[in-house]
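A closer look at the structure
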Amino acid sequence: MKAFITSCLWLLATLGIAQDLQVPTLESKGINGKVKAIEWHTYQFVNDKGLTYVKKDVESYDESGRLTTISSHLIANNQTYKYVYTVDKKGLLTEIKVVNPANNLALQTTSYEYKKSLVTKTTQVQGPNTVERNYTYNKDNHLIAVEVIQNGTQQLTEYYEVDQEGRRTKLSRKLPNQAEVEVISTYTYETDNDRLITREKRNTDQGVFEITKYTDKSLNRDVREETKKVSTAQQGFKRQLFEDDSLGNWIKGEVIDDQFGRSALILRKIIYADGSETGRTQMESPLDDRGQFMRKYSQMQLVVNGRVVSQGYVHDIPNSKDRLTYVASEKAWYLLKDYDATSNMTSWGEAQIITNTPKAILYSEGFSGAIELYQEGKKLTSGTSTFTDYTKYEVGSSAIAYLRADINKSLVVQHANKLGGKVGVAELLDNHYYWGKATDSTYVLTGYGRSISVERQLEDSNGHKLVFDQVGSGFYWYYLPDFRKNFDNGQKGDVFPAVYLSKPIEEIKENNLLSIDFSNFLFDKLANGNYRIKTWKGDVVTNISSKPVKTPDNELIVYYPLTQQYLRMDGYYALENGKEHLNRKITPLLEGSPYGYYLHNEGKSIVFYKPGVRFTSYQFNSHKLDNNKRKYGALLYDSLTNASYSMNYDLEQPEVMGPMSRLPYTQGNVYLLKLEASRWVIFEKGAKVSDYDFSVLTEDDKEVVHFYKDEKNKVQAYRFPDFDTAEPGQFIYAYNLGADEVRKQLTELSIDPDLTPKSDEAELGNLRFSKSDGQFYMTNANGIYIQSRLGWFDSFGTAHLITYDTVDHFLYRLEDYQLSETIEKGKVEVLISNEQNGVIRWGKNKALLAIAGQLQTDVNREYITVNGQDPVWKELIYDQSSGETYKFEYKNDSAFKILPIEKLPKNADAAYLIKVSDNSFDLVVKGDRIKDDGARSYNHNGDILRFFTPPGGKLSAYRFKGFSNAGYLDVIAAEIIPSAEVNVLLQQVGN
């Protein structure tokens, strides 16, 4: 296992092939363990290229750990050199030879002479040149002088002064032409804890320099080097990073120059004697990338591996001194450590690479929300709009986000407020469902970065939770494993994965998700009148059922969405109240559909259900599939949801309940029902289409085309495909044909383009009612049975029955309904259609307003008439839903009447004046008579001007035009004076 340590080592000194005075060994190089070979791979800074691979060295060691050869390959010129070390029997180095491996010829040879095991002389021969070095030691065997002679001529002599530990304290040099010895460097040493500090003062041709080196004594590695030119105080810094293997041998060394932004890198692969290897031979990104930055005069320069790169916008990070930037060419994000946007930098700052994974998502703590997300140089935007990059939901300080577009992944950042200014690389997840602990008593469920409403939930004995979200009649199931343990032990903001179950009951069984068996049910009726649903093993599972509904035949049914069953609690209402009835039978009536029809009264009546409720506002029609059988195809149109449902039932069969299928939506809700013998009937919003003169099969009998005229008398057409392959009882939804296709089909099918009827005879409406044996039926003008949707039955003291169609909004009178108990073909008269307005009045001061046939109950009425002795009374009626005011009049008696109404001109305040005399009037606002409100009124040029101040408002005014010319009890609509003109008008009236 690799251990990362931050330390320092001067690689040039360690790796250079210097003049060795003894054979290098593993011990002298600080190598632990038995090593067979070491590969060195050197990367150095090259102008305009940055960090570049320049050399490969391979060191080989013998069994005693002594260096035997070095193979050195220079990348730039593709040259290889081999260094061969020779030792004698005592282990002393006797020769170093540099050879050309291609021909094994010696390029350089260095031989060694000894006295008392100390090197006294080395002779280095390279071509015509011979360099001799003579070594002198003090009494403690410390080197104090070296004389260098080339081809018999003295070149220089170096002198060393050392302390008692043999550490150099002074370096002096004398050249042949110098009269005196020149001091080159002086050294001092001090110890700071486990660090050795070496201070050198060096004299050079460029001036005097002070060099301070810090050495980690425990690792015997240099930590840092500081260089300062005395005359200018200019400073430079070098540091080094290392990565060690498990034996403590470094396998990666890096020199960082904080002054010039350059670096050097060496990778080592160590081959141990047992054949194991550590380290690597090639530079890897981003592991080996090094970034540095410099900011001056509002400009920032980023260097990666010594090469200047172009970076993008510098992002602030909440609660951090660092900044974030992106390098598009590298597809990499960098963290600019301790970025100071207010001052100029004097040394290079560290640019830490975060990731170079293409399209990686980064996150940090947010400025206003829990998190900020970044990708490819920009800060991503969040919101519910599709134009934003992601949606997110925050649970405490945690965030769950879903990334849109081509990413289609989710991420979770737990407790972002604890990031402390750090930036993380997001783990992109394929799971999009999570739940989080919101408070000590609540949790939230999310999907795709949005909250999911939890409609019902159930927890088993092991603490696993099953929940569902209901959208319309659709149920969406989620499994929360180990919910109880995670919730009870978790903190606010903790987030855990949830599982969406596309086939819940199958997945629960196959994967043993819950300790509950849903194969059979029982019910208990409790003494308080409530109920509970149980499994046959006794687990109470009422929580995830829909609301129960009472059937017309006095049964209680409930839809159980998990098993997709309608369940009947047999005899529920027959059980005695006030007592507890346990383990009663439940009968499944219907499986596989959330929509069902329910036949009762021996199949003479039918009602319709969706989970928890009964359909109320609908149009229903059926048709026999075969005239000789009692099999029906039927369609229900739900006006509340603008949806159509199909069903098939057989009145000869005993089934009480059957499935309905929601049909695919079509414009106009138009569908064709295929009958036996290739016949068909067409439904439009639940009503049967009556005219089939221009409804034809195509020549290949594959589809039906139905032509009709729209409200603008323009010929249109529907196409019903795949008629030939459909089975009787199957519904086919309509395709609307475009104008060009309509013309084409008219021609191909030889249809009159004007759709001229073949006969002048037109089928009359079918308004009828019948009653016998307490049963009542009624059909509307389309022949559709509507008795189930009629309401407001009353005779109003007549022999007739007045009733109201709550779906189509017609008011009917059933003639002579009260005169007989049996009527086969009763006459029906339309009193108000769904295109008419009127007032229904009866009894003592009772009235209903009908607008387009719809009864309006939220109204205010006010009398116009002021004299109760008048034979004809007049009223205003204000409809609060539309803001309209109407006027009607009537003979004042209690008889049932349908009265016409007059819609008055509308104004924003619904304010109207009623002229009582030439000097007086009444004011009605929104159907209420206004009494003393402190207003001032003036007759101005034949108009009434009325100035008033509403509560909490400012001065306002009405104008009632033509007051002087109006008659008794005439009604005049208010003209509201614009607020900017009120004071001007008041001044004019005053003058």
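Procedures and definitions
Residues numbered from 1 in each chain as written. Predicted model: local features only at pLDDT ≥ 70, side-chain atom pairs only at ≥ 80, totals over all residues. Heavy atoms only, no water. Buried < 20%, exposed > 50% of the residue type's maximum accessible area, 1.4 Å probe, protein only. Helix = DSSP H or I, 4+ residues; strand = E, 2+ residues; numbered from the N terminus. Pairing = 2+ DSSP bridges. Expected span 1.5 Å × (residues − 1). Arc of directions from axis to C-beta. Contact = heavy atoms within 4.5 Å. Salt bridge = Lys/Arg side-chain N within 4 Å of Asp/Glu carboxyl O. Phe/Tyr/Trp six-rings, centres within 6.5 Å; stacked < 30°, edge-to-face > 60°. Lys NZ or Arg CZ within 6 Å of the ring centre and 35° of its normal. Polar contact = N/O pair within 3.5 Å; in protein donor to acceptor, adjacent residues only side chain to side chain. Core = buried A, V, L, I, M, F, W, Y, C linked by side-chain atoms within 4.5 Å. pLDDT = per-residue confidence, 0-100.

Looking now at the pairing of strand 40 (residues 474–480). Within strand 40, six of the seven residues are buried, which leaves the element mostly enclosed by the surrounding structure. Pairing geometry for strand 39 (residues 465–471) and strand 40, over seven bridges, is antiparallel. Paired with Phe468 across the two strands is Trp477, which belongs to strand 40. Between strand 39 and strand 40, which pair antiparallel one after the other, the connecting turn spans two residues, and Gly472 there sits at a positive phi close to 65°. In this structure, strand 40 lies alongside strand 42 (residues 499–501), joined through three bridges in antiparallel fashion. Its bridge partner being in strand 42, Trp477 is matched across the sheet by Leu501.

Given a rise of 1.5 Å per residue, 12 residues ought to cover 16 Å, and the 18 Å separating the end C-alpha atoms of helix 5 (residues 979–990) matches this to within 8%. Taken together, the buried positions of helix 5 are Val982, Leu985, Leu986 and Val989. For helix 5, the angular spread of the buried residues around the axis is 105°, confining them to a single face. Of the residues in helix 5, the exposed ones pointing more than 90 degrees away from the buried face are Ala980, Asn983 and Gln987. Taken together, the buried residues of helix 5 touch strand 82 (936–940), strand 83 (943–948) and strand 84 (956–960).

Turning to helix 4 (residues 739–748), its buried residues number three or more, namely Val742, Gln745 and Leu746. One face of helix 4 carries all of its buried residues, which in axial projection span an arc of 105°. Opposite its buried face, helix 4 presents the exposed residues Asp740 and Thr747, each directed more than 90 degrees away. Tucked into the core, helix 4 has its buried residues touching strand 61 (704–709) and strand 62 (715–720).

Moving on, we get to the sheet that holds strand 34 (residues 424–425). Ordered by their spatial adjacency, four strands build an open sheet running 30-29-28-34, and the pairing between neighbours is antiparallel. Taken across any chain shown, the strands that pair with only one partner, and hence form the sheet edges, are strand 30 (378–379) and strand 34. Bridging between strand 28 (residues 361–365) and strand 34 involves two bridges; their strand directions are antiparallel. Its bridge partner being in strand 34, Leu362 is matched across the sheet by Val425.

The next thing to look at is the pattern of salt bridges. Here the structure, examined in full by the defined rule, presents 52 salt bridges. The residue Asp488 makes a salt bridge to Arg484 at a minimum N-O spacing of 3.2 Å. Linking Asp488 with Arg484, this pair stays in helix 2 (residues 483–489), spanning four residues, or about one helical turn. In this structure Asp488 comes out as partly exposed when scored by relative accessible area, which is 46%. Residue classification places Arg484 among the partly exposed positions, given a relative accessible area of 30%. Notably, a salt bridge pairs Lys579 with Glu576, separated by 3.4 Å at the nearest N-O pair. Using a relative accessible area of 44% as the deciding quantity, one classes Lys579 as partly exposed. Glu576 sits in the partly exposed class, given a relative accessible area of 47%.

Bringing the packing of aromatic side chains into the picture now. Applying the stated criterion across every chain yields a total of 46 aromatic pairs. Ring plane angle 70° and centroid distance 5.9 Å describe the contact between Tyr938 and Phe947, whose orientation is recorded as edge-to-face. Taking relative accessible area as the criterion, Tyr938 reaches 28% and is therefore assigned partly exposed. Aromatic pair Tyr958 and Phe960: ring centres 6.0 Å apart, planes at 75°, arrangement edge-to-face. Look at Phe960 and you get buried, because its relative accessible area is 0%. Each member of the aromatic cluster is reached from another via a ring pair, and the members are Tyr402, Tyr433, Tyr448, Tyr478 and Tyr500. One Lys or Arg, Lys437, reaches over the ring of Phe487 and ends 4.8 Å from the middle of that ring. When the ring centre of Phe963 is taken as origin, the NZ or CZ atom of Lys915, which lies over that ring, is 4.8 Å away.

Another point: the sheet that holds strand 75 (residues 872–879). If you trace the four strands from one edge of the open sheet to the other, you get 74-75-76-78, paired in antiparallel fashion. The strands lining the two open edges of the sheet, one partner per strand, are strand 74 (859–863) and strand 78 (902–903). Pairing geometry for strand 74 and strand 75, over five bridges, is antiparallel. The partner of Tyr863 across the bridge, within strand 75, is Glu875.

With that settled, the discussion passes to the pairing of strand 32 (residues 398–403). The buried count for strand 32 comes to six of six residues, which makes it a mostly enclosed element. Covered by surrounding structure in strand 32 are Ser398, Ile400 and Tyr402 together with Ala399, Ala401 and Leu403, the residues of both alternating faces. Pairing between strand 31 (residues 390–395) and strand 32: six bridges, direction antiparallel. Bridge pairing links Glu394 to Ala399 in strand 32.

Here Thr865 is to be found in the loop between strand 74 and strand 75. Given the relative accessible area of 10%, Thr865 is considered buried. At a separation of 2.7 Å, a polar atom in the side chain of Thr865 contacts the main-chain amide nitrogen of Lys874.

All right, on to the environment of Ser894 then. Among the secondary structure elements, Ser894 is positioned in the loop between strand 76 (884–891) and strand 77 (897–899). According to the relative accessible area criterion, Ser894 is exposed, its value standing at 52%. With sequence-adjacent residues up to four places away left out, Ser894 is seen in contact with Trp842 and Gly843.

Topologically, Gln619 is positioned in strand 52 (residues 618–624). Using a relative accessible area of 7% as the deciding quantity, one classes Gln619 as buried. Polar side-chain contacts of Gln619 include one of 2.5 Å to the side chain of Arg789.

With 37 residues, the main nonpolar core has Phe518, Ile544 and Met569 as its most contacted residues. Ranked by the residues each element gives to this core, the list is headed by strand 46 (residues 556–560), at five residues. If near-sequence neighbours (up to four positions away) are discounted, Ile544 is found in contact with Arg456, Gln457, Leu458, Leu466, Phe468, Trp477, Phe518, Tyr560, Pro561 and Leu562. By size, the runner-up hydrophobic cluster in this structure holds 30 residues, among which are Ile31, Ile184, Ile251 and Ile266.

Time to look at the confidence of the model for the protein chain. Averaged over the protein chain, the pLDDT score is 89; the fraction of residues at 70 or greater is 96%. Across the protein chain, the element-wise mean pLDDT spans from 28 in helix 1 (residues 11–15) up to 98 in strand 41 (residues 495–497). Note that residues 759–765 has pLDDT below 50 and, in this model, one contact with residues that lie over four places away or in other chains.

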